[in-house]
Amino acid sequence: MQTNTEMLEQKRAEARLGGGQARIDKQHAKGKLTARERIALLLDPDSFEEWDMFVEHRCIDFDMEEHKIPGDGVVTGNGLINGRPVFVYSQDFTVFGGSLSETHAAKICKVMDQAIKLGLPVIGINDSGGARIQEGVASLGGYAEVFQRNVLASGVIPQISLIMGPCAGGAVYSPAITDFIFMVENSSYMFVTGPDVVKTVTHEDLTAAELGGAEMHAKTSGVSHGRFENDLELLVNTRRLMGFLPLSNAGPLPIIECDDPIDRQSETLANIVPENPNMPYDMKHVILEIVDDQEFFEIHADYAKNIIVGFARMNGMPIGIVANQPLVLAGCLDCNSSRKAARFVRFCDAFDISILTLVDVPGFMPGLAQETGGIISHGAKLLFAFAEATVPKVTLITRKAYGGAYDVMASKHLRGDVNYAWPNAEIAVMGPEGAARIIFRDASDNPELLEKKTQNYREKFVNPFVAASRGYLDDIIRPVNTRRRLVNAFEILKRKQLKNPPRKHDNLPL
Ligand code: HXC
């Protein structure tokens, strides 16, 4: 007779094999790793503690009682990333297509409940045909149980969604609620309704990639925060991202030893801004010159490129960076860049990550497309996010800060803690040409006089000294010294404690 120990080993072996070798081979043939291989690469070696390996579904319809696989299509548990604990679940496409049954959902909910209770992140690996069709409404209920936990965990623990296969129908809404979504090129997709239904309803003939592939979501919809060539690259980068994040909103931040001298001067920064104010330059070079070891983890790199957001370190402390990018649309604020930056600022604020804002913004993007697209509400989101944020906020104006965009970009008036500008900064209601055309209308048919008046306006207002004389800037700093000045600002601000007035919750202009 088989002993319990033998039975245990047999069940473990069954669970580890998931849907069987043939289906594993099929998964590999698609260039995809299995649920367990993904966990093994995501976590530190041998750190995975699996839970609920023996859970089986309870469905008795459609002969399902004869088809049971221990684990029921999702591998769950906890482990370490660079020695720091996380919870993880990984859907197993080889078991009923990774589809979500009542028990599969209960396994996910169990790790989420523990993660919330213990203050640890959850990383969800999605690779699923959606609701387990044989289970009907029980499966739908399971999804909603997951959604509810995603919402309660939002802002409490970091939640990361890795889309590494199909993710369709209502299933997309769990990742959508989480903080970051990463996708794999060519083997992952997300959509609310698939190509077949779309064809019937709207007569659009689209591939899954066109409708919801990694490229589309990274570049166009902005649903995804990053896309990677294959499973391995995505998992390695997820480990990198986790290195910047606290385990929960109760902290602490993962501060590491910094070998990069904090007073390192940069001659590159002295010459980075072109003399011609209409010439662009790459704000990413500014970021790399300032931060520790030139390491910057960019979020949403392919979306709304006129603003840059991402994580870096200053003197070993993780910070969030929001920066206008003069290379794209002159760095102006539009609907998409406002939404992108607003969500990032709110993530940083929720998890006590200080924010560095680098400003070179000619204003909000004008035009019918922007107005009909709701730039008023979207721009307000960014303003709201900066204004409500209570984390340390350090702002550096590298060149332009015009109009409402000056206010929005973490200005002194929105409780910026330390606000600096480089000497050639231009801070005004609008650019000199536009301003002169309005206030010197009487000189409009005299080009010489208009140019003289424009020059006069430029000299008087287009500089950082007016703002500094009012205390809207705390100092005007030399570009070569930027790193030292910013590190010092973040160091002194570590003591910052600020609370907003009590309320049930705010009413962000969604
Ligand atoms: C049960 C499923 C399943 C599902 C796939 N399988 N999806 N079993 N419920 N939802 C099973 C298949 O029967 C098959 O079993 C195995 O998984 C692999 O599926 P294939 O079709 O062979 O794989 P592939 O060709 O790669 O196609 C993958 C797929 C396709 C595109 C995901 O399987 C598919 O379209 N599935 C149905 C998707 C769907 O309509 N789901 C419900 C959406 S509604 P065998 O035994 O042959 O290996 C929804 C609502 C959520 O999810 C609402 C939340 C609020």
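In the block above lies the structure referred to throughout.
Quantities reported herein were computed from a predicted structural model and do not represent experimental measurements.

1. Let's talk about the overall build of the chain
Move 1: Scanning the chain from terminus to terminus reveals 20 helices and 17 strands.
Move 2: Relative to a compact globule of 510 residues, whose C-alpha radius of gyration would be 24 Å, the chain shows 26 Å and is just as compact.
Move 3: The buried share among the 510 residues of the chain stands at 52%.
Move 4: Across the chain, every contact between residues at least 6 apart in sequence was considered, and the portion connecting residues at least 24 apart equals 74%.

2. Side note on the environment of alanine 387
Move 1: Mapped onto the fold, alanine 387 is located in helix H15 (residues 375-388).
Move 2: We classify alanine 387 as partly exposed; its relative accessible area is 25%.
Move 3: Along the primary structure alanine 387 and serine 411 are separated by 24 residues, whereas in three dimensions their C-alpha atoms are 9.1 Å apart.
Move 4: Not counting residues within four places of it along the chain, the set of residues in contact with alanine 387 comprises Lys393, Leu414 and Arg415.

3. Points about a nonpolar patch on the surface
Move 1: A cluster of nonpolar side chains, namely Val429, Met430, Ile438 and Ile439, defines an oily patch on the protein surface of about 380 Å² accessible area.
Move 2: Within the secondary structure, isoleucine 439 is located in helix H17 (residues 432-439).
Move 3: Taking relative accessible area as the criterion, isoleucine 439 reaches 52% and is therefore assigned exposed.

4. What about the side chain of threonine 103?
Move 1: Inspection of the secondary structure assignment puts threonine 103 in helix H4 (residues 102-118).
Move 2: A distance of 2.7 Å separates the side chain of threonine 103 from the side chain of aspartate 72, its partner in a polar contact.
Move 3: Among all residues touching threonine 103, those that are not within four sequence positions of it are Val55, Glu56, His57, Arg58 and Asp72.

5. Focus on the pairing of strand E3 (residues 84-91)
Move 1: Counted residue by residue, E3 has seven buried out of eight residues, so it is predominantly covered.
Move 2: Across eight bridges, strand E2 (residues 74-81) lies against E3 in antiparallel orientation. Paired with valine 74 across the two strands is glutamine 91, which belongs to E3.
Move 3: Across four bridges, the pairing between E3 and strand E4 (residues 122-126) is parallel.

About the thresholds
- Residues numbered from 1 in each chain as written.
- Predicted model: local features only at pLDDT ≥ 70, side-chain atom pairs only at ≥ 80, totals over all residues.
- Heavy atoms only, no water.
- Helix = DSSP H or I, 4+ residues; strand = E, 2+ residues; numbered from the N terminus.
- Rg over C-alpha atoms; globule rule 2.2 N^0.38 Å.
- Buried < 20%, exposed > 50% of the residue type's maximum accessible area, 1.4 Å probe, protein only.
- Contact = heavy atoms within 4.5 Å.
- Patch = residues over 30% accessible without salt bridge, like charges linked within 9 Å, V, L, I, M, F, W, Y side chains within 5 Å.
- Areas by Shrake-Rupley, 256 points an atom, 1.4 Å probe, with all protein chains shown as cover.
- Salt bridge = Lys/Arg side-chain N within 4 Å of Asp/Glu carboxyl O.
- Polar contact = N/O pair within 3.5 Å; in protein donor to acceptor, adjacent residues only side chain to side chain.
- Pairing = 2+ DSSP bridges.

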